[in-house]
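Residue-level structural notes
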Amino acid sequence: MIEVKKEGIVIEKTSLIFENEGVLNPAAIREGDNVHLFYRAVSNGNFSSIGYCKLKGPLTVVERSEKTILFSEFEYESHGVEDPRIVKIEGLYYLTYTAYDGINALGALATSEDLEHWDKQGIIVPQITYDEFLHLTETKKTLNEKYYRYNEPWRNREKKDYKEFIWDKNLIFFPRKIDGKFYFLHRVKPDIQIVVGIENLKDLTAAFWQNYFTHLEECIVLSPKYDHEVSYIGGGCPPIETEHGWLFIYHGVHDTIKGFVYSACAALLDLENPQKEIGRLPYPLFIPEYKWELKGEVNNVCFPTGTALFGDTLYIYYGAADERIACASVSLSALVNELLMNKKNYNQL
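Scope of this entry: the structure provided in the associated data block.

Rules and cut-offs
- Residues numbered from 1 in each chain as written.
- Predicted model: local features only at pLDDT ≥ 70, side-chain atom pairs only at ≥ 80, totals over all residues.
- Heavy atoms only, no water.
- Core = buried A, V, L, I, M, F, W, Y, C linked by side-chain atoms within 4.5 Å.
- Buried < 20%, exposed > 50% of the residue type's maximum accessible area, 1.4 Å probe, protein only.
- Helix = DSSP H or I, 4+ residues; strand = E, 2+ residues; numbered from the N terminus.
- Contact = heavy atoms within 4.5 Å.
- Disulfide = S-S within 2.5 Å.
- Arc of directions from axis to C-beta.
- Salt bridge = Lys/Arg side-chain N within 4 Å of Asp/Glu carboxyl O.
- 1 Å grid on protein atoms, 1.4 Å probe; cavity = no way out; pocket = protein on both sides within 12 Å on 5 of 7 lines; lining within 4 Å.
- Points joined across faces, edges and corners; volume = space filled by probe spheres on them.
- Nonpolar A, V, L, I, M, F, W, Y, C, P; charged D, E, K, R; others polar.
- Pairing = 2+ DSSP bridges.

**Concerning the nonpolar core**
- By size, the foremost hydrophobic cluster in this structure holds 47 residues, and its most contacted members are Phe 38, Ile 86, Trp 118, Phe 173 and Phe 213.
- A total of five residues in this core trace back to one element, the largest contributor, which is strand 7 (residues 92–100).
- Here Phe 173 is in contact with Val 87, Ile 89, Thr 96, Leu 109, Ile 124, Phe 182, Tyr 183, Phe 184, Leu 201, Pro 238 and Pro 239, once residues within four sequence places are set aside.
- Tyr 283, Ala 320, Ala 326 and Leu 339 belong to the second largest nonpolar core, which has 26 residues in total.

**Overview of the state of the cysteines**
- Scanning the model with the defined rule gives zero disulfides in all.
- Here Cys 53 is not disulfide-linked; the sulfur of Cys 327 is the nearest cysteine sulfur, at 11 Å.
- Overall, Cys 53 belongs to the buried group, its relative accessible area being 0%.

**Structural notes on helix 3 (residues 206–214)**
- Within helix 3, burial applies to Trp 209, Tyr 212 and Phe 213. Axial view of helix 3: buried residues confined to an arc of 90°, hence all on one face.
- Structurally, helix 3 contributes buried residues whose contacts are with helix 1 (130–137), strand 11 (182–187) and strand 12 (192–198).

**Points about the pattern of salt bridges**
- Applying the stated criterion across every chain yields a total of 19 salt bridges.
- Ionic pairing is found between Arg 280 and Glu 229, a salt bridge with its closest N-O pair at 2.5 Å. Note that Arg 280 is positioned in strand 18 (residues 277–280) and Glu 229 in the loop between strand 13 (220–222) and strand 14 (232–235), a separation of 51 residues in sequence.
- One continuous salt-bridge network, built from bridges that share partners, spans Glu 12, Lys 13, Glu 323 and Arg 324.

**A word on unusual backbone geometry**
- With an omega of 10°, the peptide bond running from Lys 189 to Pro 190 counts as cis.
- By the element assignment, Pro 190 lies in the loop between strand 11 and strand 12.
- In the Ramachandran plot, Asn 25 falls in the positive-phi region, its phi being about 45° despite a non-glycine side chain.
- Turning to its location among the elements, Asn 25 is positioned in strand 2 (residues 22–31).
- Here Asn 25 falls in the buried class, since its relative accessible area comes to 2%.

**A closer look at the layout of surface pockets**
- Each pocket or cavity is described by its volume, and for the largest pocket that value is around 890 Å³.
- Surrounding the largest pocket, 39 residues form its lining, Arg 40, Glu 82, Trp 167, Lys 169 and Tyr 262 being those nearest its centre.
- Of all the secondary structure elements, the ones that give two or more residues to the lining of the largest pocket are strand 2, strand 3 (34–43), strand 6 (80–89), helix 2 (146–151), strand 10 (169–173) and strand 17 (259–269).
- Approximately 360 Å³ is the volume found for the second largest pocket.
- Those elements that provide at least two residues to the lining of the second largest pocket are strand 2, strand 6, strand 15 (240–242) and strand 19 (302–310).
- Partitioned by chemical class, the residues of the lining of the second largest pocket number 12 nonpolar, one polar and three charged.

**What about the pairing of strand 2?**
- By the criterion of burial, strand 2 is predominantly enclosed, with eight of the 10 residues buried.
- Across eight bridges, strand 2 lies against strand 3 in antiparallel orientation. Within the sheet, the bridge partner assigned to Val 23 lies in strand 3 and is Ala 41.
- Between the antiparallel neighbours strand 2 and strand 3 lie two residues, among them Gly 32 with a positive phi of about 65°.

Put into C-alpha coordinates, the structure is as follows:
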(Lines give C-alpha, C1' and ligand atoms only; values in the text may rest on other atoms or scores of the structure.)
Protein backbone atom coordinates (compact mmCIF):
# COMPACT_ATOMS: atom_id res chain seq x y z
CA MET A 1 0.00 0.00 0.00
CA ILE A 2 1.11 3.54 -0.74
CA GLU A 3 2.50 5.49 2.22
CA VAL A 4 0.58 8.67 3.07
CA LYS A 5 1.61 11.18 5.73
CA LYS A 6 -1.06 13.16 7.54
CA GLU A 7 0.41 16.66 7.91
CA GLY A 8 -2.37 17.79 10.25
CA ILE A 9 -4.72 20.77 10.39
CA VAL A 10 -3.83 23.76 8.21
CA ILE A 11 -6.55 26.21 9.26
CA GLU A 12 -9.63 26.16 11.49
CA LYS A 13 -12.75 28.28 11.81
CA THR A 14 -12.53 31.68 13.50
CA SER A 15 -14.94 34.00 15.27
CA LEU A 16 -15.45 36.00 12.07
CA ILE A 17 -19.12 35.93 11.12
CA PHE A 18 -18.60 34.43 7.66
CA GLU A 19 -16.60 31.43 8.96
CA ASN A 20 -17.72 30.88 12.52
CA GLU A 21 -19.29 27.47 11.80
CA GLY A 22 -16.50 25.89 9.78
CA VAL A 23 -13.88 26.06 7.05
CA LEU A 24 -13.51 23.19 4.60
CA ASN A 25 -12.98 21.87 1.07
CA PRO A 26 -10.39 24.31 -0.33
CA ALA A 27 -9.35 24.98 -3.90
CA ALA A 28 -5.56 25.12 -4.09
CA ILE A 29 -3.12 26.46 -6.65
CA ARG A 30 0.64 26.91 -6.40
CA GLU A 31 2.26 30.10 -7.70
CA GLY A 32 6.02 30.18 -7.10
CA ASP A 33 6.75 29.34 -3.47
CA ASN A 34 3.20 30.12 -2.39
CA VAL A 35 -0.01 28.11 -2.34
CA HIS A 36 -3.28 30.01 -2.59
CA LEU A 37 -6.23 28.39 -0.83
CA PHE A 38 -9.78 29.44 -1.66
CA TYR A 39 -11.91 27.64 0.86
CA ARG A 40 -15.54 27.15 1.75
CA ALA A 41 -16.38 29.26 4.79
CA VAL A 42 -19.61 28.50 6.65
CA SER A 43 -21.55 30.92 8.84
CA ASN A 44 -24.53 30.37 11.15
CA GLY A 45 -27.47 28.86 9.34
CA ASN A 46 -25.22 26.92 6.94
CA PHE A 47 -24.63 29.84 4.56
CA SER A 48 -21.38 29.44 2.66
CA SER A 49 -18.99 31.83 0.96
CA ILE A 50 -15.38 31.57 -0.23
CA GLY A 51 -12.55 32.63 2.06
CA TYR A 52 -8.87 32.98 1.23
CA CYS A 53 -5.49 32.29 2.76
CA LYS A 54 -1.94 32.14 1.40
CA LEU A 55 0.65 29.59 2.38
CA LYS A 56 4.42 29.92 2.23
CA GLY A 57 5.49 26.54 1.00
CA PRO A 58 2.88 23.83 1.38
CA LEU A 59 1.90 24.29 5.03
CA THR A 60 2.76 27.67 6.60
CA VAL A 61 -0.05 30.25 6.67
CA VAL A 62 1.36 33.74 6.02
CA GLU A 63 -1.81 35.61 5.05
CA ARG A 64 -5.52 35.13 5.68
CA SER A 65 -8.32 37.40 4.56
CA GLU A 66 -10.80 38.68 7.12
CA LYS A 67 -13.52 38.99 4.51
CA THR A 68 -15.00 36.75 1.85
CA ILE A 69 -13.55 36.58 -1.65
CA LEU A 70 -16.69 35.22 -3.34
CA PHE A 71 -20.18 35.41 -1.87
CA SER A 72 -23.82 35.05 -2.83
CA GLU A 73 -24.92 37.69 -5.34
CA PHE A 74 -27.49 35.99 -7.55
CA GLU A 75 -30.64 33.96 -6.97
CA TYR A 76 -29.02 30.72 -8.17
CA GLU A 77 -26.47 30.97 -5.31
CA SER A 78 -28.64 32.72 -2.74
CA HIS A 79 -28.01 30.14 0.00
CA GLY A 80 -24.35 29.57 -0.58
CA VAL A 81 -21.17 29.49 -2.66
CA GLU A 82 -19.60 26.12 -1.85
CA ASP A 83 -16.69 23.71 -2.43
CA PRO A 84 -14.42 25.54 -4.91
CA ARG A 85 -11.78 24.02 -7.21
CA ILE A 86 -9.29 25.98 -9.27
CA VAL A 87 -7.11 25.54 -12.37
CA LYS A 88 -5.21 27.90 -14.67
CA ILE A 89 -5.77 27.50 -18.41
CA GLU A 90 -3.90 29.69 -20.90
CA GLY A 91 -3.31 32.46 -18.37
CA LEU A 92 -6.86 32.55 -17.01
CA TYR A 93 -7.92 31.13 -13.65
CA TYR A 94 -11.06 28.99 -13.64
CA LEU A 95 -12.65 28.65 -10.20
CA THR A 96 -15.59 26.28 -10.14
CA TYR A 97 -17.97 25.97 -7.21
CA THR A 98 -21.37 24.66 -6.19
CA ALA A 99 -24.09 27.30 -6.31
CA TYR A 100 -26.82 26.52 -3.77
CA ASP A 101 -30.13 28.35 -3.69
CA GLY A 102 -31.62 26.40 -0.79
CA ILE A 103 -33.10 23.77 -3.10
CA ASN A 104 -30.78 23.25 -6.06
CA ALA A 105 -27.04 22.55 -5.91
CA LEU A 106 -25.39 23.10 -9.29
CA GLY A 107 -21.88 23.66 -10.65
CA ALA A 108 -20.99 27.25 -11.48
CA LEU A 109 -17.89 29.06 -12.75
CA ALA A 110 -15.98 32.25 -11.98
CA THR A 111 -12.86 33.42 -13.85
CA SER A 112 -9.99 35.74 -12.99
CA GLU A 113 -6.76 37.05 -14.45
CA ASP A 114 -5.16 37.91 -11.10
CA LEU A 115 -6.81 35.79 -8.34
CA GLU A 116 -8.33 38.97 -6.91
CA HIS A 117 -11.05 40.13 -9.30
CA TRP A 118 -13.57 37.48 -10.27
CA ASP A 119 -16.15 37.42 -13.05
CA LYS A 120 -19.02 35.02 -12.44
CA GLN A 121 -20.03 33.08 -15.54
CA GLY A 122 -23.09 31.44 -13.97
CA ILE A 123 -24.21 27.82 -13.84
CA ILE A 124 -22.63 25.70 -16.57
CA VAL A 125 -23.93 22.22 -15.68
CA PRO A 126 -27.33 20.97 -16.84
CA GLN A 127 -30.52 22.26 -15.26
CA ILE A 128 -32.96 19.40 -15.75
CA THR A 129 -35.78 18.12 -13.61
CA TYR A 130 -36.13 14.55 -12.44
CA ASP A 131 -38.95 13.96 -14.94
CA GLU A 132 -36.75 15.28 -17.76
CA PHE A 133 -33.94 13.03 -16.55
CA LEU A 134 -36.29 10.01 -16.63
CA HIS A 135 -37.40 10.87 -20.15
CA LEU A 136 -33.85 11.31 -21.49
CA THR A 137 -32.52 8.11 -19.90
CA GLU A 138 -35.58 5.87 -20.24
CA THR A 139 -33.94 3.66 -22.88
CA LYS A 140 -30.83 3.06 -20.75
CA LYS A 141 -31.72 -0.33 -19.34
CA THR A 142 -28.23 -0.92 -17.92
CA LEU A 143 -27.94 2.44 -16.13
CA ASN A 144 -27.27 2.00 -12.42
CA GLU A 145 -30.60 2.04 -10.56
CA LYS A 146 -29.02 4.31 -7.94
CA TYR A 147 -29.33 7.19 -10.41
CA TYR A 148 -33.07 7.09 -9.90
CA ARG A 149 -32.95 6.54 -6.16
CA TYR A 150 -30.36 9.24 -5.42
CA ASN A 151 -31.88 11.87 -7.70
CA GLU A 152 -35.60 11.54 -7.19
CA PRO A 153 -37.26 14.63 -5.67
CA TRP A 154 -37.27 14.46 -1.89
CA ARG A 155 -36.70 17.95 -0.52
CA ASN A 156 -39.43 19.61 1.51
CA ARG A 157 -39.98 22.75 -0.51
CA GLU A 158 -41.65 25.82 0.91
CA LYS A 159 -41.48 27.52 -2.49
CA LYS A 160 -44.07 25.52 -4.38
CA ASP A 161 -43.40 27.40 -7.62
CA TYR A 162 -39.64 26.80 -7.41
CA LYS A 163 -38.24 24.39 -9.98
CA GLU A 164 -36.22 21.53 -8.58
CA PHE A 165 -33.32 20.21 -10.65
CA ILE A 166 -31.11 17.14 -10.50
CA TRP A 167 -28.15 18.00 -8.25
CA ASP A 168 -24.94 18.28 -10.29
CA LYS A 169 -21.87 19.07 -8.17
CA ASN A 170 -18.06 18.62 -8.11
CA LEU A 171 -17.46 20.59 -11.29
CA ILE A 172 -13.74 20.32 -12.07
CA PHE A 173 -11.83 21.45 -15.17
CA PHE A 174 -8.77 19.70 -16.52
CA PRO A 175 -5.85 22.15 -16.13
CA ARG A 176 -5.17 22.38 -19.84
CA LYS A 177 -7.08 22.03 -23.06
CA ILE A 178 -6.79 18.72 -24.89
CA ASP A 179 -6.53 19.14 -28.66
CA GLY A 180 -7.48 22.78 -28.13
CA LYS A 181 -10.73 21.97 -26.31
CA PHE A 182 -12.04 22.11 -22.75
CA TYR A 183 -12.59 18.96 -20.73
CA PHE A 184 -14.26 18.88 -17.33
CA LEU A 185 -15.64 16.46 -14.76
CA HIS A 186 -18.91 16.72 -12.87
CA ARG A 187 -21.03 14.47 -10.71
CA VAL A 188 -24.61 13.29 -10.79
CA LYS A 189 -24.81 10.54 -8.16
CA PRO A 190 -23.60 7.83 -8.00
CA ASP A 191 -20.90 8.16 -10.71
CA ILE A 192 -18.44 10.75 -12.00
CA GLN A 193 -19.17 11.99 -15.50
CA ILE A 194 -16.99 13.83 -18.02
CA VAL A 195 -17.63 16.46 -20.68
CA VAL A 196 -15.10 16.26 -23.51
CA GLY A 197 -14.10 18.43 -26.43
CA ILE A 198 -15.90 21.73 -25.84
CA GLU A 199 -14.49 24.56 -27.95
CA ASN A 200 -16.51 27.28 -26.24
CA LEU A 201 -18.38 27.10 -22.95
CA LYS A 202 -21.27 28.88 -24.62
CA ASP A 203 -21.85 25.61 -26.46
CA LEU A 204 -23.22 24.11 -23.23
CA THR A 205 -26.81 24.77 -24.26
CA ALA A 206 -30.00 23.01 -23.23
CA ALA A 207 -29.85 21.08 -26.51
CA PHE A 208 -26.28 19.98 -25.73
CA TRP A 209 -27.32 18.62 -22.34
CA GLN A 210 -30.38 16.86 -23.73
CA ASN A 211 -28.16 14.98 -26.14
CA TYR A 212 -25.62 14.37 -23.37
CA PHE A 213 -28.13 12.66 -21.08
CA THR A 214 -29.53 10.65 -23.96
CA HIS A 215 -26.03 9.12 -24.17
CA LEU A 216 -25.24 9.28 -20.45
CA GLU A 217 -23.62 5.83 -20.22
CA GLU A 218 -20.95 6.98 -22.68
CA CYS A 219 -20.13 9.97 -20.44
CA ILE A 220 -19.40 8.08 -17.21
CA VAL A 221 -15.69 8.14 -16.44
CA LEU A 222 -15.70 6.42 -13.02
CA SER A 223 -18.28 4.32 -11.19
CA PRO A 224 -18.14 2.89 -7.65
CA LYS A 225 -16.13 -0.32 -7.68
CA TYR A 226 -14.68 -1.19 -4.29
CA ASP A 227 -16.10 -1.49 -0.77
CA HIS A 228 -14.80 1.90 0.40
CA GLU A 229 -16.67 3.67 -2.44
CA VAL A 230 -19.67 1.39 -2.85
CA SER A 231 -22.35 3.97 -2.02
CA TYR A 232 -21.23 6.68 -4.45
CA ILE A 233 -18.20 8.63 -5.62
CA GLY A 234 -17.49 12.25 -6.57
CA GLY A 235 -14.79 14.47 -7.96
CA GLY A 236 -12.03 15.70 -5.68
CA CYS A 237 -8.95 17.59 -6.89
CA PRO A 238 -8.27 18.85 -10.41
CA PRO A 239 -6.45 16.17 -12.42
CA ILE A 240 -2.65 16.26 -12.31
CA GLU A 241 -0.77 15.63 -15.53
CA THR A 242 1.98 12.98 -15.35
CA GLU A 243 3.85 11.17 -18.09
CA HIS A 244 1.72 8.08 -17.46
CA GLY A 245 -1.68 9.75 -17.37
CA TRP A 246 -3.91 12.14 -15.43
CA LEU A 247 -3.70 11.46 -11.70
CA PHE A 248 -7.17 12.02 -10.31
CA ILE A 249 -7.80 12.25 -6.57
CA TYR A 250 -11.52 11.79 -5.83
CA HIS A 251 -13.73 10.92 -2.88
CA GLY A 252 -15.43 7.63 -2.24
CA VAL A 253 -18.34 7.07 0.14
CA HIS A 254 -19.59 3.97 1.88
CA ASP A 255 -22.41 3.54 4.38
CA THR A 256 -21.80 2.13 7.85
CA ILE A 257 -23.80 1.74 11.04
CA LYS A 258 -22.33 5.11 12.06
CA GLY A 259 -23.35 6.79 8.80
CA PHE A 260 -21.48 7.61 5.62
CA VAL A 261 -17.67 7.55 5.62
CA TYR A 262 -15.85 9.78 3.10
CA SER A 263 -12.37 8.70 2.01
CA ALA A 264 -9.79 10.01 -0.46
CA CYS A 265 -9.28 7.76 -3.49
CA ALA A 266 -7.02 7.76 -6.56
CA ALA A 267 -7.28 6.77 -10.22
CA LEU A 268 -5.23 7.26 -13.38
CA LEU A 269 -6.87 8.44 -16.61
CA ASP A 270 -5.49 8.39 -20.15
CA LEU A 271 -3.72 11.63 -21.12
CA GLU A 272 -5.33 12.16 -24.52
CA ASN A 273 -8.57 10.32 -23.83
CA PRO A 274 -9.41 10.85 -20.14
CA GLN A 275 -12.68 8.99 -20.60
CA LYS A 276 -10.45 5.91 -20.42
CA GLU A 277 -9.49 4.70 -16.96
CA ILE A 278 -5.98 3.25 -16.79
CA GLY A 279 -5.99 2.12 -13.18
CA ARG A 280 -7.43 2.68 -9.74
CA LEU A 281 -6.34 2.00 -6.19
CA PRO A 282 -8.32 -0.97 -4.85
CA TYR A 283 -8.13 0.62 -1.39
CA PRO A 284 -8.62 4.22 -0.17
CA LEU A 285 -5.67 6.58 -0.44
CA PHE A 286 -6.49 7.77 3.07
CA ILE A 287 -9.43 7.57 5.45
CA PRO A 288 -10.77 9.43 8.50
CA GLU A 289 -8.72 8.24 11.46
CA TYR A 290 -7.84 11.20 13.69
CA LYS A 291 -10.22 13.02 16.03
CA TRP A 292 -10.31 16.07 13.76
CA GLU A 293 -11.47 13.87 10.87
CA LEU A 294 -13.86 11.72 12.87
CA LYS A 295 -15.77 14.43 14.76
CA GLY A 296 -17.11 17.70 13.39
CA GLU A 297 -20.07 19.24 11.58
CA VAL A 298 -20.23 15.96 9.62
CA ASN A 299 -18.39 13.03 11.17
CA ASN A 300 -16.02 10.67 9.36
CA VAL A 301 -15.05 12.88 6.44
CA CYS A 302 -11.86 13.30 4.40
CA PHE A 303 -12.93 15.32 1.37
CA PRO A 304 -9.99 16.17 -0.98
CA THR A 305 -10.37 19.23 -3.20
CA GLY A 306 -6.94 20.69 -3.97
CA THR A 307 -3.26 19.80 -4.38
CA ALA A 308 0.16 21.43 -4.61
CA LEU A 309 3.30 19.73 -5.87
CA PHE A 310 6.70 20.47 -4.28
CA GLY A 311 9.39 18.34 -5.84
CA ASP A 312 8.06 14.80 -5.85
CA THR A 313 5.83 15.40 -2.83
CA LEU A 314 2.16 15.94 -3.55
CA TYR A 315 0.29 17.82 -0.83
CA ILE A 316 -3.44 17.09 -0.77
CA TYR A 317 -5.69 19.62 0.96
CA TYR A 318 -9.00 18.34 2.24
CA GLY A 319 -11.99 19.12 4.38
CA ALA A 320 -11.81 17.23 7.68
CA ALA A 321 -15.20 16.41 9.25
CA ASP A 322 -16.69 19.39 7.37
CA GLU A 323 -15.25 21.76 9.96
CA ARG A 324 -11.53 22.32 9.33
CA ILE A 325 -8.94 22.09 6.57
CA ALA A 326 -6.14 19.55 6.77
CA CYS A 327 -3.38 18.26 4.53
CA ALA A 328 -1.88 14.89 3.65
CA SER A 329 1.24 14.24 1.57
CA VAL A 330 2.38 11.43 -0.68
CA SER A 331 5.16 10.73 -3.18
CA LEU A 332 3.75 11.51 -6.61
CA SER A 333 5.96 9.00 -8.39
CA ALA A 334 5.19 6.27 -5.86
CA LEU A 335 1.46 6.89 -6.18
CA VAL A 336 1.55 6.76 -9.98
CA ASN A 337 3.61 3.56 -9.86
CA GLU A 338 1.12 2.03 -7.44
CA LEU A 339 -1.70 2.87 -9.82
CA LEU A 340 0.20 1.33 -12.74
CA MET A 341 0.74 -1.82 -10.67
CA ASN A 342 -3.02 -2.02 -10.19
CA LYS A 343 -3.75 -1.46 -13.86
CA LYS A 344 -3.85 -5.16 -14.78
CA ASN A 345 -5.72 -6.17 -11.64
CA TYR A 346 -8.41 -3.56 -12.24
CA ASN A 347 -8.93 -4.50 -15.87
CA GLN A 348 -9.36 -8.13 -14.92
CA LEU A 349 -12.17 -7.46 -12.46
